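Per-entry structural report
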Amino acid sequence: MKIYVFGVRGGDEEAPLKNWMAEHPEVEVGFTHDILTPDNANLAKGYDGVCSVQREPYAREALKMLHDYGISKLSVRNVGVDGFNFKDLNDFGFTLTNVPVYSPNAIAEHASFLVGRLLRRVPEFDDKFRAGNLKWSPTIGTEIAGKTVGVIGTGHIGSVFARIMQFGYGAKVIAYDIDPNPALENLGIYVDSLDELLAQADIISIHTPLAPQDYHMIDADAISKMKQGSYLINCARGGLVDTDALIAGLDSGKIAGAGLDVLDNENGIFQKDFGSFDAIPNEKFKNLASRDNVIITPHTAFYTKRAVHNMVYEAMDTQIKLLNGEITKNIVNTK
Ligand code: COI
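Residues numbered from 1 in each chain as written. Predicted model: local features only at pLDDT ≥ 70, side-chain atom pairs only at ≥ 80, totals over all residues.

As annotated in an unreviewed UniProt entry, the chain is D-lactate dehydrogenase. UniProt's Sequence similarities (unreviewed entry) comment on the chain is quoted here verbatim: "Belongs to the D-isomer specific 2-hydroxyacid dehydrogenase family." (UniProt positions renumbered as here; feature names shortened; annotations may be inferred.)

1. Observations concerning the overall build of the chain
On a plain count of helices and strands, the chain comes out with eleven helices and eleven strands. Taken against the 2.2 N^0.38 rule, which gives 20 Å for 335 residues, the C-alpha radius of gyration of the chain at 21 Å falls within 12% of a compact globule. For the chain, the spread of C-alpha atoms along the principal axes amounts to about 65 × 50 × 35 Å. Taking contacts inside the chain between residues at least 6 apart in sequence as the whole, the part at least 24 apart equals 74%. (Helix = DSSP H or I, 4+ residues; strand = E, 2+ residues; numbered from the N terminus. Rg over C-alpha atoms; globule rule 2.2 N^0.38 Å. Contact = placed C-beta atoms within 7 Å.)

2. Let's talk about the sheet that holds strand 8 (residues 203–206)
If you walk across this open sheet you meet the six strands as 7-6-8-9-10-11, and the pairing is parallel. Of all strands in the sheet, those bounded by a partner on one side alone are strand 7 (172–176) and strand 11 (294–296). The average angle at which neighbouring strand axes cross in this sheet is 15 degrees, direction not considered. Summarising the sheet, strand 10 (residues 255–260) and strand 11 pair through three bridges and their orientation is parallel. Its bridge partner being in strand 11, Gly 259 is matched across the sheet by Ile 295. This element, helix 9 (residues 243–252), spans strand 9 (230–234), strand 10 and strand 11 of the sheet and lies at about 140 degrees to strand 10. (Pairing = 2+ DSSP bridges. Axes fitted to C-alpha atoms, helices over the stretch in contact; angles between N-to-C directions.)

3. What about the nonpolar core?
Counting residues in hydrophobic clusters, the biggest one holds 90 residues, and the most contacted among them are Val 50, Ala 111, Val 115, Phe 161, Val 173 and Ile 233. No fewer than three residues from each of domain 1 (2–102 + 304–323) and domain 2 (104–296) sit in this core. Those residues in contact with Val 173, other than ones at most four positions away along the chain, are Val 149, Val 151, Ala 162, Met 165, Gln 166 and Ile 189. (Core = buried A, V, L, I, M, F, W, Y, C linked by C-beta atoms within 7 Å. Buried ≥ 20, exposed ≤ 12 C-beta atoms within 10 Å, placed from the backbone. Domains from an automatic or database assignment.)

4. Focus on the site of the ligand
Neighbouring the ligand are Val 53, Arg 55, Asn 78, Val 79, Gly 80, His 299 and Phe 302. Here the residues of the shell around the ligand are counted per class, giving three nonpolar, three polar and one charged. (Near = placed C-beta within 6 Å. Nonpolar A, V, L, I, M, F, W, Y, C, P; charged D, E, K, R; others polar.)

5. Overview of helix 11 (residues 305–323)
The end-to-end C-alpha distance of helix 11, which contains 19 residues, comes to 27 Å, matching closely the 27 Å that a straight helix rising 1.5 Å per residue would cover. Taken as a whole, helix 11 has its buried residues at Ala 307, Val 308, Met 311, Val 312, Glu 314, Ala 315, Met 316, Thr 318, Gln 319 and Leu 322. Packing partners of the buried residues in helix 11 comprise strand 1 (2–5), helix 1 (14–23), strand 3 (49–52), strand 4 (73–76), strand 5 (95–97) and helix 4 (104–119). In the segment just after helix 11, Gly 325 is the residue with positive phi, at about 80 degrees. (Expected span 1.5 Å × (residues − 1).)

6. Concerning the UniProt feature "domain: D-isomer specific 2-hydroxyacid dehydrogenase NAD-binding" (unreviewed entry) in the chain
The feature "domain: D-isomer specific 2-hydroxyacid dehydrogenase NAD-binding" (unreviewed entry), as given by UniProt, occupies residues 117–301 in the numbering adopted here. Taken end to end, residues 117–301 comprises 29% helix and 15% strand; its first and last C-alpha atoms sit 14 Å apart.

7. A look at the pairing of strand 2 (residues 28–31)
Looking at chain direction, strand 1 and strand 2 are connected through four bridges and run parallel. Among the inter-strand pairings, Tyr 4 is bridged to a residue of strand 2, identified as Gly 30. Following the backbone out of strand 1, through helix 1 and into the adjacent parallel strand 2, one traces a crossover that is right-handed. (Right-handed = clockwise from strand over helix to strand, strands pointing away.)

8. A short note on the domain arrangement of the chain
When the domains of the chain are assigned, the result is domain 1 (2–102 + 304–323) and domain 2 (104–296). Just the C-alpha atoms count here: the centres of domain 1 and domain 2 sit 31 Å apart. Listed by partner, the interface residues are eight residues for domain 1 and nine residues for domain 2. Of the residues contributing to the side of domain 1 that touches domain 2, the split by class is two nonpolar, two polar and four charged.

As structure tokens, this is what we get:
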């Protein structure tokens, strides 16, 4: 059995992949640090299946090349599959698997840090500190305890985040989900509509996948329904929030602060080194990142040692099952 692995990051993914390879001498593995594109899809020629991870959209041409080499099993090492055009997958007869759960805590903890850093005004303290100003005033903070935290989406990640907020910080948690999580029913946190959540929450955190109907779920209309001075956290998908509406909400003060691990149009800037802030070719990013009340992390909420290990191991194990013709629980499309 031969598996080709694309997009193996040198600094953190290569070691778990090499460990997995040492544990599976029966599998021949080839890999590259580069993500899958039409320019390098030929590397997979002669292999039985492919494993990959990337935030850039998957090019139809690259998938066609894999198909032409007789490859029909593709395993991604992450949760989101919004980089694929499902028509392409189906046209070329691919079975696609993901890793639906690799470490919900990684993302939920990160979201909670964004809340804490925003409410305690850490970026402003950092700026003052670097300027030699160690005075307290006027950078007074706000406590999370007693605040109403609205959780949109209560799957694996949203439910961990809800528990951290409720039991760790003592917030009042409310949640909205089209498919409420039975494990949370006893907490009595669900409200009946997104509008209800928007109207009641002081802090809103998004934890849903990007389904086409949820594109710009948080737009100008949704923001107009929020409480004055509320905080918005997005560690889910950039396309869930309309960046222009967010900027307008921050300008007007309707939104007091935002913690963003993802951005609409993050492709092309995140995971790249431009050498200086000014050189980053995205004005909306620079507008947001220049504000004291916005914290941006470049899609790193997932990025922990445990998560990366689990992503590699689960995706590679799944790829073996696929190639052996065993049904796996992680199949996200049916041909
Ligand atoms: C996912 O698992 O879908 C993520 O967002 C992280 C990934 C891009 C590495």
